[in-house]
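Descriptive analysis of the structure
Take a look at the letters that make up each chain.
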Amino acid sequence: MMSFLSLLLVGILFPALEAKQFTKCELSQVLKDMDGYGGVTLPEWICNIFHVSGYDTQTIVNNNGKTEYGLFQINNKLWCRDNQIQSRNICDISCDKFLDDDLTDDMICAKKILDSEGIDYWLPHKPLCSEKLEQWLC
Amino acid sequence: MDMARGLPQGEEEKPIKETGVPVNESHSLLTYPSSTPVVGPMLIEFNVPVDLTLLAKQNPEVKVGGRYAPKDCVSPHKVAIIIPFRNRQEHLKYWLYYLHPILQRQQLDYGIYVINQAGESTFNRAKLLNVGFQEALKDYDYNCFVFSDVDLIPMDDRNTYRCFSQPRHISVAMDKFGFSLPYVQFFGGVSALSKQQFLTINGFPNNYWGWGGEDDDIFNRLVFKGMSISRPNAVVGKCRMIRHSRDKKNEPNPQRFDRIAHTKETMLSDGLNTLTYKVLDIERNPLYTKITVDVGTPS
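Residues numbered from 1 in each chain as written. Chains lettered and ligands numbered in written order. Predicted model: local features only at pLDDT ≥ 70, side-chain atom pairs only at ≥ 80, totals over all residues. Heavy atoms only, no water.

Okay, the overall build of chain B next. Along its length, chain B carries eight helices and eleven strands. Taken over 299 residues, chain B has a buried fraction of 55%. Of all intrachain contacts in chain B linking residues separated by at least 6 positions in sequence, the fraction that spans at least 24 positions is 83%. Accessible surface computed for chain B: about 13,400 Å², of which carbon and sulfur atoms make up 53%. (Helix = DSSP H or I, 4+ residues; strand = E, 2+ residues; numbered from the N terminus. Buried < 20%, exposed > 50% of the residue type's maximum accessible area, 1.4 Å probe, protein only. Contact = heavy atoms within 4.5 Å. Areas by Shrake-Rupley, 256 points an atom, 1.4 Å probe, with all protein chains shown as cover.)

Residues and elements named next belong to chain B. Looking at chain B as a whole, its pLDDT mean stands at 91, while 88% of the residues score no less than 70. When the criterion is pLDDT under 50, residues 1-28 qualifies, and its contacts beyond four places in sequence or with other chains add up to 45 contacts. Of the two predicted TM-score estimates for the complex, the pTM is 0.89 and the ipTM is 0.89. (pLDDT = per-residue confidence, 0-100.)

A separate point is a nonpolar patch on the surface. Together, Met1(A), Met2(A), Phe4(A), Leu5(A) and Leu8(A) make up an exposed nonpolar region whose accessible area comes to about 580 Å². Under the relative-accessibility criterion, Leu8(A) is labelled partly exposed at 41%. (Patch = residues over 30% accessible without salt bridge, like charges linked within 9 Å, V, L, I, M, F, W, Y side chains within 5 Å. Salt bridge = Lys/Arg side-chain N within 4 Å of Asp/Glu carboxyl O.)

Under the local residue numbering, the UniProt record ascribes the feature "domain: Glycosyl hydrolases family 22 (GH22)" (unreviewed entry) to residues 91-109 of chain A. Within the segment residues 91-109 of chain A, helix and strand shares are 32% and 0% respectively, and the terminal C-alpha atoms sit 6 Å apart. (UniProt positions renumbered as here; feature names shortened; annotations may be inferred.)

With that out of the way, let us pick up the pairing of strand E9 (residues 238-241) of chain B. When a strand is regular, its side chains alternate between the sheet's two faces. Residue and element names in this part refer to chain B. The alternating pattern of E9 places Cys239 and Met241 on a buried face and Lys238 and Arg240 on a face that is not buried. Pairing geometry for strand E5 (residues 152-154) and E9, over three bridges, is antiparallel. Bridging from a neighbouring strand, Pro154 pairs with Cys239 of E9. Relative to E9, strand E7 (residues 173-174) is paired through two bridges, and the arrangement is parallel. In the strand pairing of E9, Ala173 is matched with Lys238. (Pairing = 2+ DSSP bridges.)

And the structure:
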């Protein structure tokens, strides 16, 4: 009985983190503190995220020997650690933390990437996210 | 949000039958088309399996190879519907089940072409569409080409599968994207280009292997040739996508964003004028023509 109660308490206090398919407006709300960081506006972030992951936190893509994780498609070569390849792991985090619905760690790492590599880390930026940005506002 | 863009006011509203051969009003008896008119919104579900033999019986006016033309009028819309395909027979059956009745109600002179990529190499949607264009023209002088993914079904038959004075985007409000356009430059899913519009852009790119980007490249081609996208509104443009897991050998193309940044330069040397392929088989089924083609591999 006691262990059941403690489990119940834990279950209420610590809801499990799950994968999530965001909508544009949900994402805009969660990411609003990134607006203007490094000179990149919120609609530019939303646009890039849509084109690399379709707002789906569970997006995992392999290419050119690296794997990219989550909404921001952060890779395992430099930024996060997984069990596939050796990583610089600059964000000091396990890559699978980018697959859940808590975006705090994703945002922290994305800002580091922006500081280091600039917005062009996100390939949609030039062809698709440099103009017509009003459509990405919520 | 109003999806229709750049259309002269009358163009959207003109019903198909008025553009066919006119009825002579001096006759004392008016004749009416023998097909039923379009119905508007429809219920689209994917839970009951489709039997193609039964379906053919239910669509007796459709001729072998998936061809139909209205009996009572001559349609100006000679439409080849091109479907890129590999290993999606269940989706194709639903597509045929829903679309044949719709296309007949829309009074189109149409043919269905399923372009099947042979072999196990990475999928190349746009090249298959180029093949479809070229092969369909060997059958008939189609003047309009609808390019449709096999898993997209319109929910409203007022969304006419025909060509317009500008390139037409048909799948504007997909359930997958919350029944709205995911971005204004989106041209994927189902679209329609007249023969002239297609030739003007040198057809579609042949060098997009894997998922994504080829529709953005096509959008760019149209814009660079001074064209704009015509769309139905978001009510008429509602579409259902048959949910499925990502296909093997159609992974997201890592080159896609770089490629679409260079459409302007590459469109002259990548398209109809450089299209090479080998037809391995042509099947004339009751409800569709299936062309199996070797499109090669990424170079």
